[in-house]
Amino acid sequence: GMQSHLQALLSLYKLFCPEQVTITLPGKMKTYFKNSEGPWKAAITAVRQRNQGASPLSQAVFLGTSQPQSRKRKWNAQLFIPASSANTNHLEEGREKNCFYLYSTDESLPVEQLQTFPQLLQNIHRLEFPSQMGSVLTNPLLLHYMNCVKDESIYLRLYYWMGQMLQEECTWCVVDNPYEEEFKSFLETIYKAECFLQEGFSACEEFLYKTLPLWDGFCCRSEILRLMSWIPLSSFSDIKSYLYDPLAQLFFTSSIYFKCSVLESLKELLQNWLNCNVIQMDLETSS
């Protein structure tokens, strides 16, 4: 029988190829598919705003989905990376203890009490990770911890947090976002953390693949090109469709400076791939 989700699929076919669907479909039905023209409308609106000022057609759109103003923006007008914070009760208790208890093995250690690399080595087995994962990006000791202890839950928490932040703050996908300088600083912080870890974040890779087709090659140019240099090695078909093809459209219509910047970024990407491959070969050889 005619089920609702099948009717929605047929209506989508009829929208683009009406000659292929000859049956009569109901006029009103639940929307199952997002508007495929959303990204183009968002890009056109952003260009119109830059060239002619604010447009009455502007609305917050990210990859075709309408986004309300983020809750963070309602209560705090600044994009910020949270400071390290753990359980408050543990923190208050820790302040009352002397240095002797810093190396106790009976309970977890809040990251606020971690000051030096030797302390990290002594307490790495009982470290209490921060409740706000964004604080990891600006804490070298916690980045060292991520490198030493390959805990999948840590990477997953950081993946979800970073992916949400990038989606909400992207200045060329979310229209009417006046916080470009803050977003630049955020991207720069992510890049420095990737350089420290010598590997890229999967959330950042997904962000680049989703937004490069909408990127104008101007907004946050240096930050985006730097982040591109840490995309992990994958199949050529994925790299071509998600990275090279969007860049090619900008490359052939942009200035010499942009062309050189793209080539420099791709050169660094190749160097990172080679370094990663050498490290992997060394590990396999030693094992």
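All values reported here derive from a predicted model rather than from experimental measurement.

**Student:** Whenever I open this one, the confidence of the model for the protein confuses me. Can you help?
**Tutor:** Close inspection of predicted coordinates is inappropriate for parts of the model with low pLDDT. With 75% of its residues at a pLDDT of at least 70, the protein reaches an overall mean of 76. Within the protein, helix 10 (residues 221-228) carries the highest mean pLDDT (94), whereas strand 1 (residues 61-62) carries the lowest (38). Note on residues 54-78: pLDDT is under 50 here. Beyond four places in sequence and across chains, it has 49 contacts. The low-confidence segment residues 86-105, where pLDDT is below 50, has 28 contacts with residues more than four positions distant or belonging to other chains.

**Student:** Looking at this model, I keep getting lost on unusual backbone geometry. Mind explaining?
**Tutor:** Phi is mostly negative for residues that are not glycine, and the peptide bonds are mostly trans. Non-glycine residue Gln 198 carries a positive phi angle of around 60 degrees. If you trace the backbone, Gln 198 turns up in the loop between helix 8 (180-197) and helix 9 (202-211). Unlike most non-glycine residues, Cys 220 shows phi in positive territory, near 55 degrees. You can see Cys 220 is positioned in the loop between helix 9 and helix 10.

**Student:** Looking at this structure, I do not really get the state of the cysteines. What am I missing?
**Tutor:** Disulfide: a covalent bond formed between the sulfur atoms of two cysteine residues. Taken as a whole and assessed by the stated rule, the structure comprises zero disulfides. Looking at Cys 220, it has no disulfide partner, and the nearest cysteine sulfur is the one in Cys 219, 3.7 Å off. Accessibility expressed as a relative area gives 0% for Cys 220, which makes it buried.

About the cut-offs
- Residues numbered from 1 in each chain as written.
- Predicted model: local features only at pLDDT ≥ 70, side-chain atom pairs only at ≥ 80, totals over all residues.
- Heavy atoms only, no water.
- pLDDT = per-residue confidence, 0-100.
- Helix = DSSP H or I, 4+ residues; strand = E, 2+ residues; numbered from the N terminus.
- Contact = heavy atoms within 4.5 Å.
- Disulfide = S-S within 2.5 Å.
- Buried < 20%, exposed > 50% of the residue type's maximum accessible area, 1.4 Å probe, protein only.

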